[in-house]
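Geometric and topological summary
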Amino acid sequence: MNLPTFNTTWDLESLFKGGSQSNDFISYLHDTQLKVEQLNQMTLKWPLSFKVEDVSLLIEIINSMSTIIIKLEQANSFVGCLQAQNTADKEANLLRSRVTSLNTEFSKVVVKIDQLLGDIDEDTWKQVLKKSEIKELTYIVNEMRNQSKEKLSVEKEQLIQELSVDGYIGWEQLYDLLVSNVQIPYNDNGVEKVLSVGQASNKFSDSNRELRKEMYDKWEIAWGNQSDVFAETLNRLSGFRLSVYKERGWNNTLKEPLAINRMNKETLDTMWQVIAENKQPLVDYLNRKAKLLGLEKLSWYDLEAPLAKADSVMTYQEGAEFILKQFSQFGPQLTAFTKEAFEKQWIEAEDRPNKAPGGFCTGLPETNESRIFMTYSGTPSNLSTLAHELGHAFHSYAMKDVHPLNSDYAMNVAETASTFAEMIVADAALKQATNHDERLALLDDKLQRSVAMLMNIHSRFLFETAFYEERKHGYVSSEKLSTLMLNAQKEGYSDSLEDYHPLFWASKLHFFITDVPFYNFPYTFGYLFSLGIYANALEEGKEFEQKYIDLLKDTGSMTVEDLAMKHLSVDLTKKEFWEKAVNMATSDVEEFIKLTNK
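An account of the accompanying structure is given in this report. Note that this is a predicted model, so its numbers are computed, not measured. In every chain, residue numbers begin from 1 and rise along the written sequence. pLDDT decides what is reported in this predicted model: residues at 70 or higher carry local features, side-chain atom pairs at 80 or more are listed and counted, and totals for whole chains, interfaces and linings draw on all residues regardless. With hydrogens and water set aside, each side-chain value is computed from the structure's full complement of heavy atoms.

1. Focus on helix α16 (residues 332-343)
- The way it works is that DSSP assigns letters per residue, a run of H or I at least four long becomes a helix, a run of E at least two long becomes a strand, and they are numbered from the N terminus. One less than the number of residues in a helix, times 1.5 Å, gives the span that helix is expected to have. Taking 1.5 Å as the rise per residue, α16 with twelve residues should run 16 Å; its terminal C-alpha atoms sit 16 Å apart, in good agreement.
- The complete set of buried residues in α16 reads Leu 334, Thr 335, Phe 337, Thr 338, Ala 341 and Phe 342. Down the axis of α16, the buried side of the element spans an arc of 170°, and every buried residue falls inside it.
- In what follows, a contact means two residues having at least one pair of non-hydrogen atoms within 4.5 Å. Buried residues along α16 sit in contact with α15 (316-330), β3 (347-348), α17 (380-398), α18 (411-431) and α23 (545-554). In this scheme, a residue with accessible area under 20% of its type's maximum is buried, one over 50% is exposed, and one in between is partly exposed, where area comes from a 1.4 Å probe on protein chains only. Here the arc refers to the directions that run from the helix axis out to each C-beta atom.

2. Some points on the side chain of Asn 406
- Inspection of the secondary structure puts Asn 406 in the loop between α17 and α18.
- According to the relative accessible area criterion, Asn 406 is buried, its value standing at 5%.
- Under the rule applied, a polar contact is a pair of N or O atoms within 3.5 Å (in protein, one hydrogen donor and one hydrogen acceptor; residues adjacent in sequence only if both atoms are side-chain atoms). Here Glu 136 takes part through its backbone oxygen, which lies 2.9 Å from a polar atom of the side chain of Asn 406.
- Asn 406 has contacts with Glu 136, Leu 137, Ile 140, Met 399, Gly 556 and Ser 557, leaving out every residue within four places of it along the chain.

3. Some words on the packing of helix α1 (residues 23-43) against helix α3 (residues 90-118)
- Contact geometry for α1 and α3: axes closest at 10 Å, N-to-C directions at 15°. The orientation of α1 with respect to α3, classified from their angle, is roughly parallel. Along this stretch, α1 crosses α3, giving a crossing that reads as left-handed. Of the residues in α3, those touching α1 at Phe 25, Ile 26, Leu 29, His 30, Thr 32, Gln 33, Val 36, Leu 39, Asn 40 and Thr 43 are Leu 95, Arg 98, Val 99, Leu 102, Glu 105, Phe 106, Val 109, Lys 112, Ile 113 and Leu 116. To define axes, lines are fitted to C-alpha atoms, for helices over the stretch in contact only, and angles between the resulting N-to-C directions are given on a 0 to 180 degree scale. For classification purposes, angles smaller than 35 degrees are called roughly parallel, those larger than 145 roughly antiparallel, those between 65 and 115 roughly perpendicular, and all remaining angles oblique. In this scheme the crossing of two helices becomes right-handed for a clockwise turn of the near helix relative to the far one and left-handed for an anticlockwise turn of less than a right angle.

4. Points about the pairing of strand β5 (residues 369-373)
- Burial runs high along β5: five of the five residues are buried.
- Strand pairing is assigned whenever DSSP detects at least two bridges linking the two strands. Both β3 and β5 contribute to a ladder of two bridges, which runs parallel. For Ile 347, the partnering residue across the bridge sits in β5 and is Ile 372.
- Of the strand pairs in this sheet, strand β4 (residues 360-364) and β5 are connected by five bridges, and their pairing is antiparallel. Counterpart to Thr 362 in the pairing with β5 is Arg 371.
- Between β4 and the antiparallel strand that follows it, β5, lie four residues; Asn 368 among them carries a positive phi value of about 55°.

5. Here we look at the environment of Pro 306
- Mapping Pro 306 onto the fold places it in the loop between α14 (280-292) and α15.
- Residue contacts for Pro 306: discarding those within four places in its chain leaves Ser 205, Asp 206, Ser 207 and Leu 293.

6. Focus on the packing of aromatic side chains
- Any two rings among Phe, Tyr and Trp, with Trp reduced to its six-membered ring, count as a pair given centres within 6.5 Å; such a pair is stacked if its planes are under 30 degrees apart, edge-to-face if over 60, and tilted if neither. In total, this model carries 46 aromatic pairs according to the counting rule given.
- Between the aromatic rings of Phe 6 and Phe 342, the centroid separation amounts to 5.0 Å while the plane-to-plane angle is 25°, which identifies the pairing as stacked. In this pair, Phe 6 sits in the segment before α1 while Phe 342 sits in helix α16, placing the two residues 336 residues apart along the sequence.
- Relative to Trp 223, the ring of Trp 219 has its centre 5.7 Å away and its plane inclined at 65°; by these criteria the two rings are edge-to-face.

This is the structure:
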């Protein structure tokens, strides 16, 4: 494959010229605002008693909704990219506020539409669903109809949406602003530098333990200095959410996240039960890694410590070429799509100051594109992250011809595609390792992901569960939050570490995201679910790609239980599937132990 040199910075100019100063984008938002207002006017034409003959109005409303959904996703993604690439871009923050208000206005109209659908009598509704234009949307429109029955009156739900701009989402945006001001001092061979949290987090995979420990101490100080402000933010976010739940009569804090993820509680409980019962291999891995590093037990800042020499580092170009090579073994569509993503500069990977921490992929449905954000420094973990985000992007690509209302897939199945892509690359790198050190490094990196998904994410779930129970009784102090986090991490990691990260609740963005409550268990679900898909891919080779794309197309229009039964013939409420998946996730421990016995 003859490949050009890939750029480490993304192209946003092709979307809207001028970045956060873009006049084109302002016009785009204005046009979208008009479309939202027009949709609202359509709802005023709704008859007092809806008849089958009125279905043309419903179709008109659905088409208008579809257009607005695409435009709002395009706008949200563009602003998110602006904010991530430069946390000091104040104009981008102002644009975020404007887009948030626009999202809220649309949500208020959707609340009204949900209620109108819910008011249609059952016999008429059955006839409506037979119409060809509606039939393909059966799951989604039923979901909208049922949601209206679970919520308050239209007026109250619209008021909640209105108040959320400043009383809910505003707190999330405050957190983003606070994080942009968190800086970590760093002495680079006698030169004093200031690192962003994204740059600083990469230091935890450095081979020098003294540097990792020093960075961790500074990391804790930086987050600890603002812990009371972060606690205030988290309390207000959760307090708003709990107040809404109380008004709706919802007693279970998992009701909303399970509904968003189209998932039964029985499935979630079974998954965590199987994980809790099968962590010993991962404990064995952590203990062996500690010994290899000359330690009794690992500390938090040792979890990503490398076990191999620096020759495992790949440049961005080398990493891109490696990913393309491995994807080509799976299927031509994934390969062609990924090549396009690199060539058209859809990826922001440069290691520089003022970037936001972490990584993400965001879809741009109006232009059928994606953008990927990360900070690449050449580690095996970076390579995995890049493959992971490309998997997300391919998921959006697979949905390009799906009706916009059927394309809104939940986070748990979103993580399936990303983890699947990650596995292709990780397994290939491991199989092609040419020496002991390289093999050890890659095996270690693969097991780090299993630890993250089955232990770290579990601790996040345990923390958030405990936190919400505490929050029901009043304000939770920063000290109490750290205690809850410490207890959750000890349980999540089976008490296998020497030191933990009590301020993790402050440094982890996921706890402060408003649109997805309990932003944790979907990662683990997606990871284990993708193992089942990956097993099928290994058996069928390139012939499996179309089946995989067909599965991805269904992710926005059915429950995960139905998705698994249709495409994998498995029952997610039973332990068998999860036991097999967890065993696959921990199967590399035995090889790791053997390799390190040498």
